[in-house]
Amino acid sequence: AFFHPPYFLLVGIPGLEKEQFWIAFPFCIMYAISVLGNITLLLIIKAEPGLHEPMYLFLAMLAFTDLVLSTSVLPKTLGIFWMGSGEIGFVSCLVQMFFIHTFSSVESGVLTAMAFDRYIAICNPLWHSSILSVTVVVALGSLVLVRGVLLVSPSCFLLHRMPFCQHHIISHSYCEHMAVVKLACGDTRVNVIYGLFVALVVIGSDTILISVSYTMILRVVMRQPSTEARLKAFSTCASHVCVILAFYVPALFTFFTHRFGQSIPPYIHKMVANLYLLVPPMLNPIIYGVRTKKI
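Described below are features of the structure shown in this document. (Residues numbered from 1 in each chain as written. Predicted model: local features only at pLDDT ≥ 70, side-chain atom pairs only at ≥ 80, totals over all residues. Heavy atoms only, no water.)

1. Regarding helix α1 (residues 20-47)
Heads up, the condition is: Here a strand is any run of E in DSSP of at least two residues, a helix any run of H or I of at least four, and the numbering for each starts at the N terminus. For a helix, the expected span equals 1.5 Å multiplied by the residue count minus one. Residue exposure (1.4 Å probe, protein chains only): buried if accessible area is under 20% of the type maximum, exposed if over 50%, otherwise partly exposed. Every residue pair with non-hydrogen atoms within 4.5 Å of one another is taken to be in contact.
Compared with an ideal rise of 1.5 Å per residue, which puts 28 residues at 40 Å, α1 spans 40 Å between its outermost C-alpha atoms and is within 8% of the ideal. Those residues of α1 that sit buried are Gln-20, Ile-23, Ala-24, Phe-27, Met-30, Tyr-31, Ser-34, Gly-37, Asn-38, Leu-41 and Ile-45. Its buried side turned inward, α1 meets α2 (54-83), α9 (266-276) and α10 (279-291).

2. Considerations on the sheet that holds strand β1 (residues 7-10)
The line we're drawing: Two strands are counted as paired when DSSP detects at least two bridges linking them. For helices, the axis comes from a line fit to the C-alpha atoms of the stretch in contact; other axes are also lines fit to C-alpha atoms, and the angle between any two N-to-C directions lies between 0 and 180 degrees.
If you trace the 3 strands from one edge of the open sheet to the other, you get β2-β1-β3, paired in mixed fashion. The open sheet has two edge strands with one neighbour each: β2 (87-89) and β3 (169-170). Of the pairings in the sheet, the one linking β1 to β3 comprises 2 bridges and is parallel in character. Bridge pairing links Leu-10 to Ile-170 in β3. The strands that helix α3 (residues 90-123) touches are β1, β2 and β3; relative to β2, the one it contacts most, it runs at about 85°.

3. Let's talk about the environment of Leu-16
The topology assignment puts Leu-16 in the loop between β1 and α1. Of the residues examined, Leu-16 reaches a relative accessible area of 16% and is grouped as buried. Separated by 251 residues in sequence, Leu-16 and Tyr-267 have C-alpha atoms that sit 6.8 Å apart. Residue contacts for Leu-16: discarding those within four places in its chain leaves Ile-23, Tyr-267 and Met-271.

4. Considering the side chain of Ser-108
With respect to the secondary-structure elements, Ser-108 resides in helix α3. For Ser-108, a relative accessible area of 1% translates into the label buried. Once residues lying within four places of it in the same chain are set aside, the contact partners of Ser-108 are Arg-147, Val-202, Asp-206, Phe-247 and Tyr-248.

5. A short note on the state of the cysteines
Heads up, the rule is: The disulfide definition used here is simple: a pair of cysteine sulfur atoms within 2.5 Å.
Applying the stated criterion to the full structure yields 2 disulfides. By sequence-ordered numbering of the bonded cysteines, the protein chain has its disulfides arranged as 1-3, 2-4. Looking at the unpaired Cys-123, the closest cysteine sulfur is the one in Cys-237, lying at 8.8 Å. Classification of Cys-237 by relative accessible area gives buried; the value is 5%.

6. Remarks on the packing of aromatic side chains
To be explicit about the condition: Here the aromatic set is Phe, Tyr and Trp, taking the six-membered ring for Trp, and pairing holds for ring centres within 6.5 Å; pairs whose planes are under 30 degrees apart are stacked, those over 60 apart are edge-to-face, and all others are tilted.
All told, the structure shown has 14 aromatic pairs when counted by the stated rule. An angle of 90° between the planes, with centres 5.0 Å apart, marks the rings of Phe-21 and Trp-22 as edge-to-face. For Trp-22, a relative accessible area of 59% translates into the label exposed. The rings of Phe-21, Trp-22, Phe-25 and Trp-82 are connected pair by pair, giving a single aromatic cluster.

7. Comments concerning empty space enclosed by the protein
Operational definition: Both cavities and pockets are sets of points on a 1 Å grid over the protein atoms alone; in a cavity a 1.4 Å probe fits but cannot get out, in a pocket the set is open with protein on both sides within 12 Å along at least five of seven lines, and lining residues sit with an atom within 4 Å of a point. Grid points are joined across faces, edges and corners, and a volume is the space filled by probe spheres set on the points. Nonpolar residues are Ala, Val, Leu, Ile, Met, Phe, Trp, Tyr, Cys and Pro. Charged residues are Asp, Glu, Lys and Arg, and all others, Gly as well, are polar.
Counted by the stated rule, this structure contains 2 cavities of 30 Å³ or more. Taken together, 24 residues make up the lining of the largest cavity; nearest its centre are His-101, Ser-104, Ala-199, Phe-255 and Tyr-276. Of all the secondary-structure elements, those providing two or more residues to the lining of the largest cavity are α3, α5 (134-160), α6 (177-181), α7 (189-222) and α8 (227-260). Grouping the constituent residues of the lining of the largest cavity by class yields 14 nonpolar, 8 polar and 2 charged. In this structure, the second largest cavity spans a volume of roughly 50 Å³.

8. As for the packing of α8 against α10
Put simply, the rule is: Here roughly perpendicular refers to angles of 65 to 115 degrees, roughly parallel to angles under 35, roughly antiparallel to angles over 145, and oblique to all remaining angles.
Relative orientation of the contacting elements α8 and α10 amounts to 175°, with a least axis distance of 10 Å. Between α8 and α10, the interaxial angle falls into the category roughly antiparallel. Across the interface between the two elements, Ser-235, Ala-238, Ser-239, His-240, Cys-242, Val-243, Ala-246 and Phe-247 of α8 pack against Pro-280, Leu-283, Asn-284, Ile-287, Tyr-288 and Arg-291 of α10. A per-class count over the contact of α8 with α10 returns 9 nonpolar, 4 polar and 1 charged.

As structure tokens, this is what we get:
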């Protein structure tokens, strides 16, 4: 029998316990904007037949992913900050971890699919509709979701099989894989190596594919004869590049500080880890809503 604590205690942001009450207000506003923005995007895309094109279907997937991501973290975080209700059941903690990591992987995959869509739209515009038919878009979306579920599930099962001794305090505001692994007693090497493997597979493969797409796009754009054509192509990609940076910069920061950032104060690390699940979901609908004429 494996010993599991009945619950874990989420601390919130260690080092900022006194300020948490106030930090919760901007978090709450960001969450509200993200929910409103993403639901609005989904409704607009559903209602407008003119928006049933690959780019907007991927955008709808992104909006849905953002809703799941921010909702799997934020209500609980606000509960910790405002009411000090940091307890989370063992199984609930694993479920939250599953959703956070699966949908982070999905978000990364959808951004990659969007880069591929931009690449075809700019480099092979005549083939765009035949290559990226609705069936292909749905297939890509399903593939990205299946990849996330298949890659993240084993880390949850591995943790479920670990014994946990007396440690049940998580110095974080949500159940994050490495934060939970650190509480297990026994040999966690497999968990750590598998976690690294998943992160490298997802972030590694996606960033490479995105970079390749954008390198090809740049080559085509720079060959455009007129400045106007170049600017038009750049502006099509600008919003996507902003979204990519908003997602990957904090993601990589969080990932590396966990492994190598012992000198970085814990509260900075935890703040960034929170913002990484809050800022992209809030910015995506704004960036796309403002920059896309059709929306």
